[in-house]
Amino acid sequence: MRSFLLNTRYWWLEGAPTDSIRRGIGDVFDKYDIETIAPGYGLHPARPQRGGAALPDVDEILKACDKSVAVSRYVTRDEER
């Protein structure tokens, strides 16, 4: 999932301040009873998840991408992360 995010439209996550994103996602899960998480478009390596099953994965990825632990850098077009 990390590779998918960083090699597609979320390339900017690595080295970004992701704490507020993590808090916002956590707030949504606290406020609503999430039944399904599914990709919005295209082929995706993860199948739809029931409930909050994918939340720990996403939270760990965002935590690892935070500017406090990851350096934002230029990524060439053909580089995969």
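Conventions adopted
Residues numbered from 1 in each chain as written. Predicted model: local features only at pLDDT ≥ 70, side-chain atom pairs only at ≥ 80, totals over all residues. Heavy atoms only, no water. Helix = DSSP H or I, 4+ residues; strand = E, 2+ residues; numbered from the N terminus. Areas by Shrake-Rupley, 256 points an atom, 1.4 Å probe, with all protein chains shown as cover. Salt bridge = Lys/Arg side-chain N within 4 Å of Asp/Glu carboxyl O. Buried < 20%, exposed > 50% of the residue type's maximum accessible area, 1.4 Å probe, protein only. pLDDT = per-residue confidence, 0-100. Patch = residues over 30% accessible without salt bridge, like charges linked within 9 Å, V, L, I, M, F, W, Y side chains within 5 Å. Core = buried A, V, L, I, M, F, W, Y, C linked by side-chain atoms within 4.5 Å. Contact = heavy atoms within 4.5 Å.

Moving on, we come to the overall build of the chain. Secondary structure summary: the chain contains three helices and two strands in total. For the chain, the succession of helices and strands along the chain, N to C, is α-α-β-β-α. When the accessible surface of the chain is split by element, carbon and sulfur atoms take 53% of a total near 6200 Å².

With that settled, consider the pattern of salt bridges. Tallying each qualifying case throughout the model produces three salt bridges. For Asp59, the salt bridge goes to Arg22, with nearest N and O atoms at 2.8 Å. On the criterion of sequence distance, the pair formed by Asp59 in helix H3 (residues 55–65) and Arg22 in helix H2 (residues 19–31) is long-range, its members being 37 residues apart. Assessed through its relative accessible area of 24%, Asp59 is described here as partly exposed. Since its relative accessible area comes to 22%, Arg22 is described here as partly exposed.

All right, on to the environment of Ile25 then. Within the element layout of this structure, Ile25 appears in helix H2. Measuring from C-alpha to C-alpha, the distance between Ile25 and Asp59 comes to 8.5 Å, with 34 residues separating the pair along the chain.

The next thing to look at is the confidence of the model for the chain. In the predicted model, the chain carries a mean pLDDT of 80, and 78% of its residues have values of at least 70. For the chain, the element scoring lowest by mean pLDDT is strand S2 (residues 49–50), at 62; H2 scores highest, at 91.

The next subject is a nonpolar patch on the surface. On the surface, Tyr10, Trp11 and Trp12 cluster together into a nonpolar patch covering about 350 Å² of accessible area. Turning to its location among the elements, Tyr10 is positioned in the loop between helix H1 (2–6) and H2. Owing to a relative accessible area of 32%, Tyr10 belongs among the partly exposed residues under this scheme.

This part takes up the nonpolar core. Of all hydrophobic cores here, the largest spans six residues; its members are Leu5, Leu6, Leu13, Ile61, Leu62 and Cys65. Counting residues per element, the ones that place at least two in this core are H1 and H3. Per-element accounting of this core gives the leading share, three residues, to H3. Setting aside anything within four residues of it in sequence, one finds Leu6 in contact with Trp11, Leu13, Glu14, Cys65 and Arg81.

What follows concerns the environment of Asp78. The topology assignment puts Asp78 in the segment after H3. Overall, Asp78 belongs to the exposed group, its relative accessible area being 72%. For the pair Asp78 and Asn7, spaced 71 residues apart in sequence, the C-alpha separation works out to 9.5 Å.

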